[in-house]
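Single-letter residue listing:
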Amino acid sequence: MGIDHRKINRLLQKLRSHPYCVYAIETPHTGYLRSFRVKEGSEVQPGEILFLLERERNLKPVKSRVSGRVQRLRQDLLDRFVEAGEPILEIWHPLSQEEVISEILQEALQVLRAPETARYLPSPEIEARLRKDGPGKALVHPGEDLLIMTFMKRETPIRHEGPPAVIYRIFFDPQEVVPAGNPLLGLCSPEEVPYIDRVLARIREEWPEQ
Amino acid sequence: MKERLLIANRGEIALRIMEACEELGLDYVVVYTRADEESLHVRRARRKFRIADYRDPNEILAVADEAGCTAVHPGYGFLAEDFRFARRVVKRSRPLIFVGPRWEVIRDLGSKLNVKRLAREMGIPVIPGTTEPLYNEIEAEAKAEELFQWLVENGEPEPRLLIKASAGGGGMGIEEVRELDEVRPIFRRVRAYAKRLFGDEGVVIEAKLSCFQHLEVQLLGNQHGELVHFGTRNCTIQSPGRQKRVELAPGFDPAYLTYEFSPERVLEEIVNHSLKMAEAVGYDSVGTWEWLVTPEGRAYLMEVNTRIQVENEISARISRIRKRPVNLIREQIRMALGEKLGYTQRDITFQGTAIELRLVAEDTRRNFRPLSGTITRFQYPRYPWLTVRTHVPQDRPYTIPTEYDPNLALLIVWGENTPQALERARRALEEMILEGHTSGGGPLHSNVSYLWEKLKEVYRFPV
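Residues numbered from 1 in each chain as written. Chains lettered and ligands numbered in written order. Predicted model: local features only at pLDDT ≥ 70, side-chain atom pairs only at ≥ 80, totals over all residues. Heavy atoms only, no water.

Examining the overall build of chain B
Line of reasoning, step 1. A tally of regular secondary structure across chain B gives 13 helices and 24 strands.
Line of reasoning, step 2. In terms of overall dimensions, chain B is globule-like: its C-alpha atoms have a radius of gyration of 22 Å, near the 23 Å expected for 463 residues.
Line of reasoning, step 3. C-alpha atoms of chain B, sized along the principal axes, occupy 60 × 55 × 50 Å.
Line of reasoning, step 4. Within chain B, residue pairs in contact and separated by at least 24 positions form 68% of the contacts whose partners lie at least 6 positions apart.
Line of reasoning, step 5. For chain B, the exposed area adds up to about 19,400 Å²; of that, 47% sits on carbon and sulfur atoms.
Line of reasoning, step 6. Charge-centre separation for chain B: the mean point of 66 positive side chains lies 4 Å from the mean point of 67 negative side chains. (Helix = DSSP H or I, 4+ residues; strand = E, 2+ residues; numbered from the N terminus. Rg over C-alpha atoms; globule rule 2.2 N^0.38 Å. Contact = heavy atoms within 4.5 Å. Areas by Shrake-Rupley, 256 points an atom, 1.4 Å probe, with all protein chains shown as cover. Lys, Arg positive; Asp, Glu negative; His and termini not counted. Charge placed at Lys NZ, Arg CZ, Asp CG, Glu CD.)

Here we look at the overall build of chain A
Line of reasoning, step 1. Secondary structure summary: chain A contains four helices and 15 strands in total.
Line of reasoning, step 2. Counting only C-alpha atoms and orienting by the principal axes, one finds that chain A spans roughly 60 × 45 × 25 Å.
Line of reasoning, step 3. Residue pairs in contact within chain A that sit at least 24 positions apart in sequence constitute 66% of those at least 6 positions apart.
Line of reasoning, step 4. Computing the positive centroid from 30 side-chain charges and the negative centroid from 32, chain A places the two 2 Å apart.

Here's the deal with the domain arrangement of chain B
Line of reasoning, step 1. Looking at chain B, the domain boundaries give domain 1 (4-99), domain 2 (128-208) and domain 3 (213-457).
Line of reasoning, step 2. Taking the mean C-alpha position of each, domain 1 of chain B and domain 2 of chain B sit 38 Å from one another. (Domains from an automatic or database assignment.)

Some details on the packing of aromatic side chains
Line of reasoning, step 1. In this structure the tally under the stated criterion is 20 aromatic pairs over all chains.
Line of reasoning, step 2. Both rings, one in Y54 of chain B and one in F78 of chain B, keep their centres 5.1 Å apart while their planes meet at 25°; by these two values the pair is stacked. Here Y54 of chain B, found in the loop between strand 3 (48-50) and helix 3 (57-66), pairs with F78 of chain B, found in the loop between strand 4 (71-73) and helix 4 (83-91); they are 24 residues apart in sequence, far enough to count as distant.
Line of reasoning, step 3. Among the residues examined, F78 of chain B registers a relative accessible area of 27% and is labelled partly exposed.
Line of reasoning, step 4. One aromatic cluster is present, formed by F252, Y259, F261 and F461 of chain B through successive ring pairs.
Line of reasoning, step 5. When the ring centre of Y195 of chain A is taken as origin, the NZ or CZ atom of R198 of chain A, which lies over that ring, is 5.0 Å away. (Phe/Tyr/Trp six-rings, centres within 6.5 Å; stacked < 30°, edge-to-face > 60°. Buried < 20%, exposed > 50% of the residue type's maximum accessible area, 1.4 Å probe, protein only. Lys NZ or Arg CZ within 6 Å of the ring centre and 35° of its normal.)

Observations concerning the sheet that holds strand 10 (residues 119-122) of chain A
All names here are of chain A.
Line of reasoning, step 1. In spatial order, the strands read 10-12-13; together these three strands make up an open sheet with antiparallel pairing. In the strand order of this sheet, the two ends are held by strand 10 and strand 13 (154-159), each with one partner. Each adjacent strand pair in this sheet contributes to an overall mean axis angle of 25°, direction not counted.
Line of reasoning, step 2. Here six bridges tie strand 12 (residues 145-151) to strand 13, and the two strands are oriented antiparallel to one another. The residue bridging D145 from the neighbouring strand is R159, located in strand 13. (Pairing = 2+ DSSP bridges. Axes fitted to C-alpha atoms, helices over the stretch in contact; angles between N-to-C directions.)

Section: helix 11 (residues 328-336) of chain B
All names here are of chain B.
Line of reasoning, step 1. Of all nine residues in helix 11, eight are buried, a share of seventy percent or more.
Line of reasoning, step 2. Of all the residues in helix 11, the buried ones are L328, I329, E331, Q332, I333, R334, M335 and A336.
Line of reasoning, step 3. Backbone nitrogen of I329 and a side-chain oxygen of the N-cap are separated by 2.9 Å at the start of helix 11; the cap is N327.
Line of reasoning, step 4. Count one or two residues on from helix 11 and you reach G338, which has phi positive near 95°. (Polar contact = N/O pair within 3.5 Å; in protein donor to acceptor, adjacent residues only side chain to side chain.)

Some details on the nonpolar core
Residues and elements named next belong to chain B.
Line of reasoning, step 1. Membership of the largest hydrophobic core comes to 86 residues, with the highest contact counts inside it found for M277 and W289.
Line of reasoning, step 2. Residues within four places of M277 in sequence aside, it is in contact with L109, V115, L118, A119, M122, I124, W289, L301 and V304.
Line of reasoning, step 3. Core analysis: the next-biggest nonpolar cluster, separate from the first, contains 41 residues, I7, C21, V228 and L341 among them. (Core = buried A, V, L, I, M, F, W, Y, C linked by side-chain atoms within 4.5 Å.)

Let's talk about the domain arrangement of chain A
Line of reasoning, step 1. Examined at the domain level, chain A breaks down into domain 1 (5-14 + 97-206) and domain 2 (20-94).
Line of reasoning, step 2. Each of domain 1 of chain A and domain 2 of chain A was reduced to a C-alpha centroid, and the two centroids are 31 Å apart.

Structural notes on unusual backbone geometry
Line of reasoning, step 1. In this structure, the amide linkage connecting A249 of chain B to the following residue, P250 of chain B, adopts the cis form with an omega of 5°.
Line of reasoning, step 2. With respect to the secondary-structure elements, P250 of chain B resides in the loop between strand 11 (244-249) and helix 9 (263-281).
Line of reasoning, step 3. Unlike most non-glycine residues, R72 of chain A shows phi in positive territory, near 50°.
Line of reasoning, step 4. By the secondary structure assignment, R72 of chain A is in the loop between strand 6 (68-71) and strand 7 (81-82).
Line of reasoning, step 5. Located in the positive-phi region is R322 of chain B, a residue other than glycine, with phi close to 45°.

Thoughts on the pattern of salt bridges
Line of reasoning, step 1. Per the stated rule, a full pass over the model turns up 68 salt bridges over all chains.
Line of reasoning, step 2. Where D76 of chain A meets R74 of chain A, a salt bridge forms, and the shortest distance between an N and an O atom there is 3.2 Å.
Line of reasoning, step 3. According to the relative accessible area criterion, D76 of chain A is partly exposed, its value standing at 45%.
Line of reasoning, step 4. Among the residues examined, R74 of chain A registers a relative accessible area of 28% and is labelled partly exposed.
Line of reasoning, step 5. The network of salt bridges with common partners includes E216, R233, K244, E247, E290, E311, E356 and R358 of chain B. (Salt bridge = Lys/Arg side-chain N within 4 Å of Asp/Glu carboxyl O.)

Some thoughts on the interface of chain B and chain A
Note on interface size: it is often stated as the accessible area lost on association of the parts.
Line of reasoning, step 1. Taken together, the contact between chain B and chain A spans 31 residues of the former and 20 residues of the latter.
Line of reasoning, step 2. Interface of chain B and chain A: buried area, both sides summed, is about 2,100 Å²; carbon and sulfur atoms make up 44% of it.
Line of reasoning, step 3. Among the residues chain B hides against chain A, the three largest losses belong to R50, P370 and T402 of chain B. Together they make up 27% of the total.
Line of reasoning, step 4. Counting the contacts that link chain B with chain A gives five salt bridges.
Line of reasoning, step 5. Put simply, R34 of chain B and E26 of chain A hold a salt bridge, and the shortest N to O gap is 3.1 Å.
Line of reasoning, step 6. Applying the counting criterion to the chain B and chain A interface returns 14 residue pairs in polar contact (both at pLDDT 80 or more).
Line of reasoning, step 7. It is helix 3 of chain B that provides the largest number of residues to the side of chain B that touches chain A, a total of seven residues.
Line of reasoning, step 8. Partitioning the side of chain B that touches chain A into residue classes produces 14 nonpolar, six polar and eleven charged. (Buried area = accessible area lost by both parts, 1.4 Å probe. Nonpolar A, V, L, I, M, F, W, Y, C, P; charged D, E, K, R; others polar.)

Overview of the side chain of T402 of chain B
Line of reasoning, step 1. Counting through the fold element by element, T402 of chain B comes out in the loop between strand 22 (398-399) and strand 23 (407-415).
Line of reasoning, step 2. You can call T402 of chain B buried: its relative accessible area is 11%.
Line of reasoning, step 3. Of the polar contacts made by the side chain of T402 of chain B, one reaches the backbone oxygen of T117 of chain A; its length is 2.7 Å.

Points about the packing of helix 1 (residues 11-24) of chain B against helix 11 of chain B
All names here are of chain B.
Line of reasoning, step 1. Their axes nearest at 9 Å, the elements helix 1 and helix 11 cross at an angle of 65°. Here helix 1 runs over helix 11; the crossing is right-handed. In contact with I13, R16, I17, A20, C21, E23 and L24 of helix 1, helix 11 contributes I329, R330, I333 and R334.
Line of reasoning, step 2. Tallied by class, the residues present in the contact of helix 1 with helix 11 amount to seven nonpolar, no polar and four charged. (Left-handed = near helix turned anticlockwise from the far one by under 90°.)

So, in structure tokens, the structure goes:
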């Protein structure tokens, strides 16, 4: 069994000492920053409007995708024209049990990382298998197309090179561009599944859902 | 008021537009995305705005207003042939000048079927096929039978048809038919694909020419009804994905290679037909009429590109206006700002052969797979007969963005005749240095060897 419990313990310790993930909220496009709907230090929930951006006479409400506390709010940008990707505020998001599990799984599983900054989607066969069996059960065989990478206007298949493996975790969203090196899939051998399940059970116990 | 252009594009075309603006004494503003931060078009521009996407009209227009621009140059690709964008630019509450043809012209010539219809009405030859989208497989089969017969009568040894999604583009939704029995299943498949991808199940059928050369005619018109041409180009050498890689001007060189037909007659014919159609629609900017020419010297109009082309500079390089050099982007901007030509066709002369080589990060041995990675060393020779257009910096490593085509540079070579141009093109390729690594850590390949090899095939019909 290839799971390094000491490594997982170290990671858990680190997460306990800083149980936050800091999300930098940037402008999705250009426009005038018309108003803030939150204040420095306020607590926000997913879906809550953070600020309004006006472009071509359309007001776009920029909403929070996570819960947490608002920090580093750029009041100085109010009523100014801002470029796309301008940092506007930060949300200090307390890590949920599921997010901690995701972090741990990146250590415990054999992770397939994005070879290029590109969009990825499961191959049709794998998608059908995931739909039928679900992650944690869907099996991939050597030489099978695992993912399709959409890159520079071309689609390139990514094959599974190793022995038969279970797709235990999907780390990416097919709608979004994945930076090179980011995790795509977490794989393990069918024999390792019970061990991984046990590790997760331990985390669920130690890190109860808020 | 001094005009100020918003350059709604990236990379080398943005740089060429910047240069044209500087020559004309115009202000300009550039836009860029985060992926392009290291591009030379961003580093060289004084006024620049980061946007989310070059394809988003709202981004372009919001920046144009904020920067006080009076005109928008779309370059090529992205929004250049989007008539809705061109219409919005000129019809909004704060109208701007669109550097390109009138939006009605883009709309009418942007549809391949419409161009075919118009050409037939004017007696201009087009590749035989449907001029209306087909929705019915019985009609499709009848049309296919007629087209197979036409191909046989015209001596095609292996007649083939193409069934295409009428709303498609960029090589998507095209299937080949070898015999009549295949028409129905392929028609159904393409129709379903067209519905799924383009939301319109219209399908077109046309004869497939097995052997041809791809020629272009470069035109320039304006709102005063003036119209001239800047000769022809030959763009036959393309990658398997129908991407142009080596282009030459003029379209044929009878002094270099002879054919079974008179190349002078074919060139004259395609120039005249192109001018005739341009005049009929009141064409008012730079534009390219694309033609296919068979080994028997028959020419068929394929499509019209209502924008500046990547390869415009080889036409400019062989042209002179009253013995002065030509810049077609500068001419395009002048026409958009309402100026008159100030010369006639008789003032335009042609000299020599120009070749454009498109340097691309791609693995030509693995089906021209595009490559990403970092360029660590990029150097090219300096000669009066060579112009290199590139957005890749030479003084620092450059990571190729994965969001766009992996085009790195255009090498534009001029020679007094074709053999000299070819010799110089080979020399430029040999003396160029491109080093780097892929994101996987391997050496970064480019298509230099492929380009070198392909120079042997210029002006020849593909075997």
